[in-house]
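Listed here are the chains, written in short residue letters.
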Amino acid sequence: MPELAQVVVDVPTMQTNQPYTYQIPPTLEKQIQVGVRVIVPFGNGRRTVQGFVVGINQETKYEGKLKPIQAIMDLQPVISSELMELSKWLADSTYSFWISCLYTMLPNLLKAKTTRIIRIIDEVDEHVAFDIFHGKDELEMTDVQDNPTILSELLKLQKAGKIAIEYQVEDRAHAKTVTGIHPQLNFEQLEDERISLHSNAHAQNRLISYLQSLNGQTVKFKEAQRITGLKPATFNQGQKKGWLEKVPIEVYRQPLDMQGTPDDQHLAAPLTLNADQEAAVNKINHAIDDHASQVFLLQGVTGSGKTEVYLQSIANALRQGKTALMLVPEISLTPQIVNRVRRRFGSKVAVLHSSLSNGERYDEWRRIERGEAQVVVGARSAIFAPLKNIGLIVLDEEHESSYKQDESPRYHAREVAKWRGKYNHAPVVLGSATPSLESRARAVKNVYHLLRLPHRVNQQILPPINIVDMRDEVKKHGESNFSQVLLGELADRLQKGEQSILMLNRRGFSSFMMCRDCGAVLKCPNCDISLTLHMDTRTMKCHYCGHEEPIPHECPNCHSRQIRYYGTGTEKVEQELHQLLPGARIIRMDVDTTRRKGMHAKLLRQFGHHQADILLGTQMIAKGLDFPNVTLVGVLNADTGLGLPDFRASERTFDLLSQVSGRTGRANKQGKVIIQTYNPDHYAIQDAKEHNYEKFFKQEMMLRRQAGYPPYYYTVRLMASHPEEAKAAGAMAKIYEQLKNGLSSSTIILGPTPRAIARMKRRYYYQIVIKYKKDPYLHQLLFDILQNTQSRGFKDVQVSIDQDPQYFM
DNA sequence: AGCACGCCGACT
DNA sequence: GTCGGCGTGCTC
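On a predicted model such as this, the values are computed, not experimentally measured, just so you know. (Residues numbered from 1 in each chain as written. Chains lettered and ligands numbered in written order. Predicted model: local features only at pLDDT ≥ 70, side-chain atom pairs only at ≥ 80, totals over all residues. Heavy atoms only, no water.)

Caption draft 1: Local environment of the environment of R410. Topologically, R410 is positioned in the loop between β16 (390-395) and α14 (413-424). For R410, a relative accessible area of 16% gives the class buried. Residue contacts for R410: discarding those within four places in its chain leaves T94, K404, Q405, M719, S800, I801 and D802. At a separation of 3.1 Å, a polar atom in the side chain of R410 contacts the main-chain carbonyl oxygen of D406. (Helix = DSSP H or I, 4+ residues; strand = E, 2+ residues; numbered from the N terminus. Buried < 20%, exposed > 50% of the residue type's maximum accessible area, 1.4 Å probe, protein only. Contact = heavy atoms within 4.5 Å. Polar contact = N/O pair within 3.5 Å; in protein donor to acceptor, adjacent residues only side chain to side chain.)

Right under this line is the structure:
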């Protein structure tokens, strides 16, 4: 019996979400392995697609004739056996396609581009040759596919055999190369060449000496020019005379911020640990040494030196000959933290940012895959880094919601980390000053091992927090984003030459246009939400679909000219600040000023060098920053997130206030925090003021218990969308019937209801939230529901399932 | 996804 | 009669 390949093809639909069996042609027999990418014929016609070999065996249930694999794209598997296992688990636990999970684990460049090319194979008339093919003999399908007239014409020609459609699967993954030069002659031969030189050919003479000094090595052309000072023309002469040859040298793309990485001779030494840190490191190191897949929850107040604990534990994993993975939320993946890891571990470190180009990302991935990097630092998707023999996984700021991917596959990096920890028999460290309720509850139940760092390393007390009641403030001093107290403190810092950080909480908050006469709010034509004013581009933008339109001068509803904008953006605050404190130098950080590559780092560097007095920003400045000269943190509007219809609203507010408070008093100077709010008595704000996580945890747990939310219940969210509201609602109603009949009696079904943002990108959304403690039928039932989605009655309906959603909106 | 097959109304 | 609209089903 011949070996057969089981292939998962790149056709992400429910019906094709399974391996297909292919013959292995004799020429590929030796190269085919599980985890390589292949090109296979799929469907009628000459269509070819990319796929992954997920198994090699002799089994097939398929009765028809098996097709052969057309080509193999990798010499080595790009999916290891660990990641293969993981991909199956991921698809199952997130209700997503296997193929999507495989791609999620790889750099984008490994997703092949498929193109359809239309080629003339027989005489066609002039109209076709010039008007459609523009005189050429081939055409890309993408150029014509949305022109029905041309398309039908081409279809006829295809039937007549005049043109043919060819499929090309193109691998986009290419190693970057630079030109290198390689001596073609040995020392003596070069010496002979020297003799035949003209006496004034000094440059060529020097080139010969240089080539001799290379001893047969290949060097980069640029490098050779730099060292010899010779012109490219001289080298070209040498090439013509056969002394040297130009060859491509494979190099890794160097991200901007990688340049200037310390060399491995001058790495930073570990810092001295305090007793708490040492106890934590010891526990973690024991687990590493014992190959124990224990989960630790490292709960340490801001400034308590969690990072040092991570670094020393990572160092221990490396000493054991193992690798380590450290995850950081994208928002705090700042140069500060990356540089700290690089200074400690030098060239062993690979970094996976979202701001890397596809090529850079591919190169970092290959460095890891080849074992050249043993420490990986990155955001969410770095959890799939192709490290082998993992000894430790760290998730910093484990409570961050950005660890959950909000599109399919909707995985949580924390859960993947635990899976890989188990597979590799390695501990997982979850670190946070404000752990998620889920994690902390597990620590209480001893599922996780709790490690605490209750003190700041510099013995600084946590900064005192003042709450300013903005209701009084507005009564006494009128509308302003700045209370008298905050202004006074800011002026005081300016005078002392100290720095301040101001945070504008943008959650659930933005500048919108409203008509003062009829009250109409300018809304997105595609989505059900108001448009946000962007002064920099002078446009109104939709934050959901990207729709953009000019700022209106009159109300589109009643044509009144009394249309004004409301709300507060960072720009408006900056303007107000310039008026109130004319001398202050301000750096504004928000999505608009940091969109350009490298701007984030640049602005922080400027602030670090004290080129500004005030750093004004959104949530992105709340985490991870460490500036010793900052002695004041102000939160302009603490409570805008509290009103959101989301059971985690209080937790997020508490986290945010705690995190941002930690940005001050980090060095020797005492810091201070001022929080402005319209809800001064809310427990999330009061507990943050007291730096009292325990109190907040107890209170919030009680409320979650009463309302039946996580961590007391698991939740799943189902969503259905359709361009017509009734169709979306109807689909959800059908799903509701299936659920009601199939689930156990203790399970609670909420809905169906329209989503808080009921319309987005021209589609209407309906949702159901299921709350359950234990339901043996649920998992299978949800898969059945997805399967039923294929039937009539669900035409054009998109259904998605989100296990443990982060947001209910 | 992409394509063929097949069943209905509108035209050469 | 046939062309082409879209609903349905299949891809190893």
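So much for the structure itself; the text now carries on.
Caption draft 2: The protein's contact with DNA strand C, seen in detail. Looking at DNA strand C, there are 14 residues lining it, with T21, F42, G43, Y62 and K67 nearest. Each atom of DNA strand C within 4 Å of the protein was classed as base or backbone; sugar and phosphate made up 45%. Between DNA strand C and K795, the relevant distance is 3.5 Å, taken from a phosphate oxygen to a side-chain nitrogen or oxygen of the residue. Looking at side-chain class alone, the surface near DNA strand C contains six nonpolar, four polar and four charged residues. (Near = heavy atom within 4 Å. Nonpolar A, V, L, I, M, F, W, Y, C, P; charged D, E, K, R; others polar.)

Caption draft 3: Broad picture of the packing of aromatic side chains. Applying the stated criterion across every chain yields a total of 15 aromatic pairs. Each ring, one from F221 and one from F235, has its centre 5.2 Å from the other, and the planes form 85°; the classification is edge-to-face. In this pair, F221 is assigned in helix α8 (residues 221-228) and F235 in helix α9 (residues 232-240), connecting sequence segments 14 residues apart. Given a relative accessible area of 0%, F235 falls into the buried group. Centroid distance F647 to Y709: 4.7 Å. Interplanar angle 0°. Geometry classified as stacked. Of this pair, F647 sits in the loop between β28 (630-635) and α21 (649-661) while Y709 sits in the loop between α23 (693-707) and β30 (714-722); the two residues are 62 residues apart in sequence, bridging distant segments of the chain. Members of the aromatic cluster, each reached through a chain of ring pairs, are F654, Y683, Y693, F696 and F697. (Phe/Tyr/Trp six-rings, centres within 6.5 Å; stacked < 30°, edge-to-face > 60°.)

Caption draft 4: Fine view of the protein's contact with DNA strand B. Surveying the vicinity of DNA strand B reveals the residues V11, T13, Q15, N44, R47, R116 and Y167. Restricting the count to atoms of DNA strand B within 4 Å of the protein gives a sugar and phosphate share of 60%. Contact between DNA strand B and R47: a base nitrogen at 3.1 Å from a side-chain N or O atom of the residue. R116 places a side-chain nitrogen or oxygen 3.1 Å from a phosphate oxygen of DNA strand B.

Caption draft 5: Seen up close, the nonpolar core. Formed by 50 residues in total, the largest nonpolar core has its most connected members in F52, I79, V376 and I383. Not counting residues within four places of it along the chain, the set of residues in contact with V376 comprises A324, L325, M326, A350, L352, I368, A382, A385 and L387. Judged by nonpolar contacts, the second largest core, of 37 residues, contains L437, I587, A622 and V660. (Core = buried A, V, L, I, M, F, W, Y, C linked by side-chain atoms within 4.5 Å.)

Caption draft 6: Representation of the UniProt feature "binding site: Zn(2+) 1" (unreviewed entry) in chain A. On the UniProt side, "binding site: Zn(2+) 1" (unreviewed entry) is annotated at positions that read C515, C518, C555 and C558 here. These residues run over 44 residues, yet every pair of their C-alpha atoms falls within 8.5 Å of each other. Here C518 lies in the loop between β21 (512-515) and β22 (532-534). In contact with C518, other than residues within four places in its own chain, are C555, N557 and C558. Relative to the helices and strands, C558 is located in the loop between β24 (548-550) and β25 (563-566). Judged by relative accessible area, C558 falls into the partly exposed class, the value being 35%. Residue contacts for C558: discarding those within four places in its chain leaves C515, D517 and C518. (UniProt positions renumbered as here; feature names shortened; annotations may be inferred.)

Caption draft 7: Region of the structure containing helix α11 (residues 306-319). Between its terminal C-alpha atoms α11 stretches 20 Å, which fits the 20 Å expected from 14 residues at 1.5 Å a residue. In terms of burial, α11 is a largely internal element, twelve of the 14 residues being buried. G321 sits one or two positions beyond α11 and adopts a positive phi of about 75°. (Expected span 1.5 Å × (residues − 1).)

Caption draft 8: Seen up close, the environment of L297. Looking at the secondary structure, you find L297 in strand β12 (residues 295-300). We classify L297 as buried; its relative accessible area is 0%. Sequence separation between L297 and V429 is 132 residues; the distance between their C-alpha atoms is 6.0 Å. Those residues in contact with L297 that lie beyond four places of it in its chain are E398, L430, P435, S439, R440, A443, Y448, H449, L450 and L451.

Caption draft 9: Region of interest: the pattern of salt bridges. Taken as a whole, this structure holds 41 salt bridges when the rule is applied. Here E489 ties to R493 by a salt bridge, and the two come within 2.9 Å at their closest N and O atoms. Separated by four residues within a single helix, E489 and R493 lie in helix α17 (residues 484-496), roughly one turn from each other. Of the two residues examined, E489 and R493, each falls in the buried class. (Salt bridge = Lys/Arg side-chain N within 4 Å of Asp/Glu carboxyl O.)

Caption draft 10: Region of interest: the sheet that holds strand β31 (residues 748-760). The strand order across the open sheet built from four strands is β31-β32-β30-β33, with neighbouring strands paired in antiparallel fashion. What marks the edges here is a single partner per strand, and that holds for β31 and β33 (798-803). With strand direction ignored, the average angle separating the axes of adjacent strands in the sheet is 20°. Pairing of β30 with β33, which is carried by six bridges, proceeds in the antiparallel orientation. Residue pairing for β33: A720 is matched across the bridge by V799. Lying over the sheet, helix α24 (residues 725-742) contacts β30, β31, β32 (763-772) and β33, oriented at roughly 20° with respect to β32. (Pairing = 2+ DSSP bridges. Axes fitted to C-alpha atoms, helices over the stretch in contact; angles between N-to-C directions.)

Caption draft 11: Structural view of the side chain of E308. Mapped onto the elements of the fold, E308 is located in helix α11. In this structure E308 comes out as buried when scored by relative accessible area, which is 2%. Ignoring anything within four residues of it in the chain, the contact list for E308 reads P270, L271, L273, Q277, R340 and R344.

Caption draft 12: Quick look at the side chain of E398. Residue position: E398 is located in the loop between β16 and α14. Judged by its relative accessible area of 0%, E398 is buried. At 2.9 Å, the side chain of E398 and the side chain of R414 are in polar contact. At a separation of 2.8 Å, a polar atom in the side chain of E398 contacts the main-chain amide nitrogen of S436.

Caption draft 13: Highlighting the sheet that holds β22. Reading across the sheet, the three strands line up as β22-β23-β24 and stay open at both edges, with antiparallel pairing between neighbours. Both outer strands of the open sheet, β22 and β24, are each paired with one neighbouring strand and no more. Direction aside, neighbouring strands of the sheet carry axes that sit 35° apart on average. Bridge count between strand β23 (residues 539-541) and β24: three bridges; the pairing is antiparallel. Its bridge partner lying in β24, M540 is registered against E549.

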